[in-house]
Amino acid sequence: MRSELFNSANQEAQTTQRWTLQSSKMLRTALGDDVISTKGAMVAYQGNIAFNHEGSGSVGKFMKKVLTSEDAPMMRVSGQGEVFFARTSSNIFMVQLEGDAITVNSSNLLAMDASIEWDIKRVQGAGIVTGGLFNLTLQGNGMVAVSCDGDPLLLDCSQQPTFVDPNAVVCWSANLVPGVHNSMNMKSMLRGGSGESFQLAFHGPGFVVVQPSEGYPTPTA
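First, a word on what this report is: a plain description of the structure on this page. (Residues numbered from 1 in each chain as written. Predicted model: local features only at pLDDT ≥ 70, side-chain atom pairs only at ≥ 80, totals over all residues. Heavy atoms only, no water.)

### Some words on the overall build of the protein chain
For the protein chain, the count of helices and strands is two helices and 15 strands. Relative to its full complement of 221 residues, the protein chain shows a buried share of 41%. Long-range contacts, defined as pairs at least 24 residues apart, comprise 77% of the intrachain contacts of the protein chain with a sequence gap of at least 6. Accessible surface for the protein chain amounts to roughly 12,300 Å². Of this, 53% is attributable to carbon and sulfur atoms. (Helix = DSSP H or I, 4+ residues; strand = E, 2+ residues; numbered from the N terminus. Buried < 20%, exposed > 50% of the residue type's maximum accessible area, 1.4 Å probe, protein only. Contact = heavy atoms within 4.5 Å. Areas by Shrake-Rupley, 256 points an atom, 1.4 Å probe, with all protein chains shown as cover.)

Here you go:
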């Protein structure tokens, strides 16, 4: 049998590394220690693997999920073998945490080492006007896999204020405390606005990652 699929570029990359990008859109994870992933991120696996719902871990985090409606359903992946993660053909990039922290949009989180602690944080000043903005803060030692709708852009926030559409932001340094910036004056609001009224404002030592999209399209029935 002959097919271009049998070319080496399309075959599983054999490696002893725990985290391996098979391509820009597919992640291979070799299990040993457990992995936490968002539900629906697994596309294939080989070996003896178990998938179990990962609870909030504490009453406090559970109540935050209820009160904020933060939709970050997670599963614990355990066993021996390889698991492949992907999301809607989105690009994937890796972040190695070494005792530091990162804040991630929950819809962009793909998977992470189970050793990493997470919590739900609210963007200060993001009230009714912006619909409320809540994200996941990840902290500890281990790897984090993040999906991005297109090629990610890394912006340095230390030199000047940086403003990002809330739907385009992927993640940022957890030491940064974003505010909500309104770039529309009253005259523009009365005329109907531009659709680009509110942004997240970042300024300080750190970075923010932006995707060239305002979010994943909502499937239609």
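### Examining the sheet that holds strand S14 (residues 198–202)
Read across the sheet, three strands follow the order S11-S14-S13 without closing on themselves; strand pairing throughout is antiparallel. In this open sheet, the two edge strands, each paired with only one partner strand, are strand S11 (162–164) and strand S13 (179–182). Averaged over all pairs of adjacent strands, the angle between strand axes in this sheet comes to 40 degrees, irrespective of strand direction. (Pairing = 2+ DSSP bridges. Axes fitted to C-alpha atoms, helices over the stretch in contact; angles between N-to-C directions.)

### A short note on the side chain of threonine 20
Note on placement: threonine 20 falls in strand S1 (residues 19–23). Owing to a relative accessible area of 12%, threonine 20 belongs among the buried residues under this scheme. Threonine 20 has contacts with Thr15, Met26, Leu27 and Arg28, leaving out every residue within four places of it along the chain.

### Observations concerning the pattern of salt bridges
By the definition in use, this model includes six salt bridges. The shortest N-O distance in the salt bridge between glutamate 82 and arginine 28 comes to 3.9 Å. With glutamate 82 in strand S5 (residues 74–85) and arginine 28 in strand S2 (residues 26–30), this residue pair connects regions lying 54 residues apart in the sequence. Ionic pairing is found between aspartate 119 and lysine 121, a salt bridge with its closest N-O pair at 4.0 Å. (Salt bridge = Lys/Arg side-chain N within 4 Å of Asp/Glu carboxyl O.)

### Describing the nonpolar core
Ranked by size, the top nonpolar core spans 20 residues in total, and within it Phe93, Met112, Leu138 and Val144 carry the most contacts. Broken down by secondary-structure element, the contributors of at least two residues to this core are strand S6 (91–104), strand S7 (109–113), strand S8 (117–122), strand S9 (134–148) and strand S12 (169–173). Dropping the residues within four chain positions of it, methionine 112 is found in contact with Trp19, Val35, Ile36, Met74, Trp118, Leu138, Met143 and Val144. (Core = buried A, V, L, I, M, F, W, Y, C linked by side-chain atoms within 4.5 Å.)

### Here's the deal with the pairing of S9
Taking burial as the measure, the 15 residues of S9 include 12 buried ones, the bulk of the element. The sheet contact formed by S6 and S9 spans 12 bridges and is antiparallel. Bridge pairing in S9 places glutamine 96 opposite methionine 143. Direction of pairing for S7 relative to S9: antiparallel, over a ladder of three bridges. The residue of S9 that forms the bridge with leucine 109 is valine 146. Judged from the six bridges that link them, S8 and S9 form a sheet pairing that is antiparallel.

### What to know about unusual backbone geometry
Of note in the backbone geometry, threonine 88 takes a positive phi value of approximately 45 degrees without being a glycine. If you check the backbone angles, serine 89 has positive phi at about 60 degrees while not being a glycine. With respect to the helices and strands, the residue serine 89 is situated in the loop between S5 and S6. For serine 89, a relative accessible area of 56% puts it in the exposed group.

### Overview of the environment of glutamine 80
One can find glutamine 80 in strand S5. In this structure the C-alpha to C-alpha distance between glutamine 80 and glycine 47, which are 33 residues apart in sequence, comes to 6.0 Å. Setting aside residues up to four positions removed in sequence, glutamine 80 forms contacts with Leu31, Gly32, Gln46, Gly47, Asn48 and Ile49.

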